[in-house]
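Per-entry structural report
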Amino acid sequence: ALWRKVLARDPANADAAYLLGLILAQAGEPEAALDIVATAADIHADDARLLALFGYLLQMSEQLEQAIAVYDRALLLDPTQGETWNNRGGALQSLGRLEDALDSFDMALNKTPGHFGALYNRATILLKLNRAKDALTDFTQVVARVPDYAEAWNNRGVALQSLGRLDDALAD
(Lines give C-alpha, C1' and ligand atoms only; values in the text may rest on other atoms or scores of the structure.)
Protein backbone atom coordinates (compact mmCIF):
# COMPACT_ATOMS: atom_id res chain seq x y z
CA ALA A 1 0.00 0.00 0.00
CA LEU A 2 2.90 2.37 0.74
CA TRP A 3 4.32 2.21 -2.78
CA ARG A 4 0.87 2.76 -4.30
CA LYS A 5 0.54 5.91 -2.17
CA VAL A 6 3.97 7.12 -3.26
CA LEU A 7 3.05 6.55 -6.92
CA ALA A 8 -0.30 8.28 -6.44
CA ARG A 9 1.57 11.39 -5.25
CA ASP A 10 4.51 11.02 -7.65
CA PRO A 11 3.73 8.86 -10.71
CA ALA A 12 7.28 9.41 -12.00
CA ASN A 13 8.94 7.81 -8.95
CA ALA A 14 11.03 5.03 -10.52
CA ASP A 15 12.00 3.46 -7.19
CA ALA A 16 8.38 3.15 -6.09
CA ALA A 17 7.36 1.66 -9.45
CA TYR A 18 10.26 -0.80 -9.33
CA LEU A 19 9.51 -1.95 -5.78
CA LEU A 20 5.76 -2.13 -6.29
CA GLY A 21 6.35 -4.08 -9.50
CA LEU A 22 8.52 -6.58 -7.62
CA ILE A 23 5.98 -6.92 -4.83
CA LEU A 24 3.10 -7.47 -7.24
CA ALA A 25 5.06 -10.00 -9.29
CA GLN A 26 6.00 -11.94 -6.15
CA ALA A 27 2.39 -11.77 -4.97
CA GLY A 28 1.20 -13.48 -8.14
CA GLU A 29 -0.08 -10.36 -9.87
CA PRO A 30 2.23 -10.16 -12.89
CA GLU A 31 -0.20 -8.24 -15.11
CA ALA A 32 -0.62 -5.46 -12.53
CA ALA A 33 3.15 -5.40 -12.09
CA LEU A 34 3.64 -5.22 -15.85
CA ASP A 35 1.26 -2.26 -16.16
CA ILE A 36 3.01 -0.27 -13.45
CA VAL A 37 6.53 -1.06 -14.60
CA ALA A 38 5.71 -0.45 -18.28
CA THR A 39 4.45 3.03 -17.46
CA ALA A 40 7.51 3.77 -15.35
CA ALA A 41 9.84 2.41 -18.05
CA ASP A 42 8.30 4.83 -20.54
CA ILE A 43 9.03 7.71 -18.18
CA HIS A 44 12.48 6.43 -17.16
CA ALA A 45 13.86 4.98 -20.40
CA ASP A 46 17.38 5.44 -18.99
CA ASP A 47 16.90 3.28 -15.87
CA ALA A 48 18.60 -0.06 -16.56
CA ARG A 49 17.28 -1.67 -13.37
CA LEU A 50 13.68 -0.73 -14.21
CA LEU A 51 14.09 -1.88 -17.81
CA ALA A 52 15.51 -5.21 -16.65
CA LEU A 53 12.43 -5.76 -14.47
CA PHE A 54 10.18 -4.71 -17.36
CA GLY A 55 11.93 -7.28 -19.58
CA TYR A 56 11.52 -9.96 -16.94
CA LEU A 57 7.80 -9.24 -16.57
CA LEU A 58 7.38 -9.35 -20.35
CA GLN A 59 9.23 -12.67 -20.40
CA MET A 60 6.99 -14.07 -17.66
CA SER A 61 4.01 -12.97 -19.77
CA GLU A 62 5.52 -14.92 -22.70
CA GLN A 63 6.12 -11.75 -24.71
CA LEU A 64 9.59 -13.01 -25.54
CA GLU A 65 10.60 -10.84 -28.50
CA GLN A 66 9.54 -7.72 -26.61
CA ALA A 67 11.40 -8.92 -23.52
CA ILE A 68 14.60 -9.39 -25.50
CA ALA A 69 14.30 -5.91 -26.99
CA VAL A 70 13.84 -4.41 -23.51
CA TYR A 71 16.75 -6.45 -22.12
CA ASP A 72 18.88 -5.12 -24.98
CA ARG A 73 17.95 -1.54 -24.01
CA ALA A 74 18.81 -2.25 -20.37
CA LEU A 75 22.14 -3.81 -21.31
CA LEU A 76 23.07 -0.87 -23.50
CA LEU A 77 22.67 1.30 -20.41
CA ASP A 78 24.42 -1.11 -18.04
CA PRO A 79 26.15 -4.11 -19.61
CA THR A 80 27.50 -5.30 -16.24
CA GLN A 81 24.22 -6.84 -15.04
CA GLY A 82 24.71 -10.61 -15.04
CA GLU A 83 21.09 -11.34 -14.12
CA THR A 84 19.82 -9.35 -17.10
CA TRP A 85 22.14 -11.30 -19.41
CA ASN A 86 20.90 -14.54 -17.85
CA ASN A 87 17.25 -13.59 -18.29
CA ARG A 88 17.93 -12.54 -21.89
CA GLY A 89 19.47 -15.97 -22.47
CA GLY A 90 16.38 -17.64 -21.06
CA ALA A 91 14.11 -15.72 -23.43
CA LEU A 92 16.33 -16.59 -26.38
CA GLN A 93 16.37 -20.25 -25.30
CA SER A 94 12.57 -20.26 -25.17
CA LEU A 95 12.55 -19.04 -28.77
CA GLY A 96 14.94 -21.83 -29.80
CA ARG A 97 17.79 -19.41 -30.50
CA LEU A 98 20.33 -21.59 -28.72
CA GLU A 99 23.58 -20.04 -29.97
CA ASP A 100 22.35 -16.56 -29.04
CA ALA A 101 21.20 -17.90 -25.66
CA LEU A 102 24.65 -19.43 -25.11
CA ASP A 103 26.26 -16.06 -25.83
CA SER A 104 24.01 -14.41 -23.24
CA PHE A 105 24.76 -17.05 -20.59
CA ASP A 106 28.48 -16.62 -21.31
CA MET A 107 28.09 -12.86 -20.82
CA ALA A 108 26.18 -13.43 -17.58
CA LEU A 109 29.04 -15.55 -16.27
CA ASN A 110 31.58 -13.02 -17.52
CA LYS A 111 29.81 -10.18 -15.69
CA THR A 112 28.84 -12.19 -12.61
CA PRO A 113 31.30 -15.07 -12.20
CA GLY A 114 29.71 -17.96 -10.37
CA HIS A 115 26.14 -16.97 -11.31
CA PHE A 116 24.47 -20.28 -10.51
CA GLY A 117 21.47 -19.89 -12.84
CA ALA A 118 23.64 -18.87 -15.77
CA LEU A 119 25.99 -21.79 -15.17
CA TYR A 120 23.14 -24.30 -15.12
CA ASN A 121 21.45 -22.66 -18.11
CA ARG A 122 24.69 -22.66 -20.09
CA ALA A 123 25.24 -26.34 -19.32
CA THR A 124 21.73 -27.15 -20.53
CA ILE A 125 22.30 -25.27 -23.79
CA LEU A 126 25.69 -26.90 -24.31
CA LEU A 127 24.05 -30.30 -23.93
CA LYS A 128 21.37 -29.38 -26.48
CA LEU A 129 24.12 -28.21 -28.87
CA ASN A 130 25.83 -31.61 -28.56
CA ARG A 131 28.78 -30.13 -26.70
CA ALA A 132 28.67 -32.79 -24.01
CA LYS A 133 32.23 -32.32 -22.77
CA ASP A 134 31.64 -28.62 -22.05
CA ALA A 135 28.21 -29.38 -20.58
CA LEU A 136 29.76 -31.99 -18.28
CA THR A 137 32.23 -29.43 -16.95
CA ASP A 138 29.43 -27.01 -16.11
CA PHE A 139 27.08 -29.65 -14.66
CA THR A 140 29.95 -30.92 -12.49
CA GLN A 141 30.34 -27.40 -11.08
CA VAL A 142 26.59 -27.13 -10.54
CA VAL A 143 26.31 -30.38 -8.55
CA ALA A 144 29.42 -29.52 -6.57
CA ARG A 145 27.68 -26.33 -5.42
CA VAL A 146 24.21 -27.85 -4.94
CA PRO A 147 24.64 -31.59 -4.34
CA ASP A 148 20.90 -32.30 -4.06
CA TYR A 149 19.99 -30.75 -7.43
CA ALA A 150 18.51 -33.90 -9.00
CA GLU A 151 17.91 -32.40 -12.44
CA ALA A 152 21.56 -31.33 -12.68
CA TRP A 153 22.70 -34.83 -11.70
CA ASN A 154 20.42 -36.28 -14.35
CA ASN A 155 21.76 -33.92 -17.02
CA ARG A 156 25.31 -34.66 -15.91
CA GLY A 157 24.52 -38.33 -16.49
CA VAL A 158 23.17 -37.54 -19.96
CA ALA A 159 26.40 -35.68 -20.76
CA LEU A 160 28.47 -38.61 -19.53
CA GLN A 161 26.39 -41.04 -21.60
CA SER A 162 26.83 -38.80 -24.67
CA LEU A 163 30.57 -39.05 -24.15
CA GLY A 164 30.37 -42.85 -24.09
CA ARG A 165 30.93 -43.00 -20.33
CA LEU A 166 27.87 -45.05 -19.41
CA ASP A 167 29.53 -46.67 -16.39
CA ASP A 168 30.31 -43.21 -14.96
CA ALA A 169 26.76 -42.07 -15.70
CA LEU A 170 25.32 -45.06 -13.85
CA ALA A 171 27.72 -44.52 -10.93
CA ASP A 172 26.35 -41.01 -10.40
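Scope of this entry: the structure provided in the associated data block. Please read all numbers here as calculations on a predicted model, not as lab measurements. Each chain has its residues counted from 1, running along the sequence as written. In view of the model being predicted, local features appear only for residues whose pLDDT reaches at least 70, and side-chain atom pairs are presented and counted only at 80 or more, with totals across whole chains, interfaces and linings using the full set of residues. For side-chain calculations, the full set of non-hydrogen atoms in the structure is used, while hydrogens and water are omitted.

What follows deals with the overall build of the protein chain. Think of it this way: any DSSP run of H or I at least four residues long counts as a helix, any run of E at least two long counts as a strand, and we number them from the N terminus. Each helix and strand counted, the protein chain has 11 helices and 0 strands in total. Walking the protein chain from its N terminus toward its C terminus, one meets helices and strands in the order α-α-α-α-α-α-α-α-α-α-α. The C-alpha extent of the protein chain, read off along each of the three principal axes, is 65 × 30 × 25 Å. Relative accessible area decides the class of each residue, using a 1.4 Å probe on protein chains only: under 20% of the type maximum gives buried, over 50% gives exposed, and in between gives partly exposed. Taken across its 172 residues, the protein chain has 45% of its residues classed as buried. Sequence separation of at least 24 residues holds for 42% of the intrachain contacts in the protein chain that already meet a minimum separation of 6. Accessible surface computed for the protein chain: about 9,000 Å², of which carbon and sulfur atoms make up 52%. Within this scheme the basic residues Lys and Arg register as positive and the acidic residues Asp and Glu register as negative, but His and the chain ends are omitted. We put the charge of a Lys on NZ, of an Arg on CZ, of an Asp on CG and of a Glu on CD. Within the protein chain, the 24 negative side-chain charges are centred at a point lying 3 Å from the centre of the 15 positive side-chain charges. Residue contacts are counted whenever heavy atoms from the two residues lie within 4.5 Å of one another. A 1.4 Å probe and the Shrake-Rupley method give the accessible areas. Residues count as covered only by the protein chains that appear here.

Our focus in this paragraph is the nonpolar core. Side-chain atoms within 4.5 Å are what join buried Ala, Val, Leu, Ile, Met, Phe, Trp, Tyr and Cys residues into a set we call a nonpolar core. Counting 28 residues, the largest nonpolar core has Ile125, Phe139 and Ala152 as the members making the most contacts within it. Of all the elements in the fold, those that place two or more residues in this core are helix H5 (64-77), helix H6 (82-94), helix H7 (98-111), helix H8 (116-128), helix H9 (132-145) and helix H10 (150-162). Formed by 25 residues, the second largest nonpolar core is a distinct cluster that contains Val6, Tyr18, Leu20 and Val37.

Even without being a glycine, Glu62 presents a positive backbone phi close to 60 degrees. Tracing the backbone through its elements, the reader meets Glu62 in the loop between helix H4 (48-60) and H5. With relative accessibility at 69%, the residue Glu62 sits in the exposed group. A positive phi angle is found at Asn130, which is not glycine, with a value near 60 degrees. Relative to the elements of secondary structure, Asn130 occurs in the loop between H8 and H9.

It is worth spelling out the environment of Asp10 at this point. Within the secondary structure, Asp10 is located in the loop between helix H1 (2-9) and helix H2 (14-26). Between the C-alpha atom of Asp10 and that of Leu92, which follows or precedes it by 82 residues, the distance is 35 Å.

Now for the packing of aromatic side chains. Paired rings are identified among Phe, Tyr and Trp, the last through its six-membered ring, by centres lying within 6.5 Å, and are further divided according to the angle between planes into stacked (under 30 degrees), edge-to-face (over 60) and tilted (the rest). Across all of its chains, the model carries 3 aromatic pairs by this definition. In this structure an aromatic cluster arises from ring pairing among Phe116, Tyr120, Phe139 and Tyr149. Lying over the aromatic face of Tyr18, Arg49 brings its terminal NZ or CZ to 4.1 Å of the ring centre. Only when the NZ of Lys or the CZ of Arg is both within 6 Å of the ring centre and within 35 degrees of the ring normal is a charge said to sit over the ring.

Attention now moves to helix H3 (residues 30-43). Think of an α-helix as 3.6 residues a turn; residues three or four steps apart then line up on the same face. A helix is expected to span 1.5 Å multiplied by its residue count minus one. Over its 14 residues, H3 extends 20 Å from the first C-alpha to the last, a length consistent with the 20 Å expected when each residue adds 1.5 Å. Every buried residue belonging to H3 is among Ala33, Leu34, Ile36, Val37, Ala40 and Ala41, and all of these are buried. For H3, the elements touching its buried residues are H1, H2, H4 and H5.

Any carboxyl oxygen of Asp or Glu that lies within 4 Å of a side-chain nitrogen of Lys or Arg is treated as forming a salt bridge with it. Under the defined criterion, the tally for this structure stands at 8 salt bridges. In this structure, Arg97 engages Glu65 in a salt bridge whose closest nitrogen and oxygen atoms are separated by 3.9 Å. Of the two residues, Arg97 is situated in the loop between H6 and H7 and Glu65 in helix H5; the sequence distance between them amounts to 32 residues. Relative accessible area serves as the criterion here: at 32%, Arg97 is assigned to the partly exposed category.

So yeah, pure geometry; function would need other evidence.
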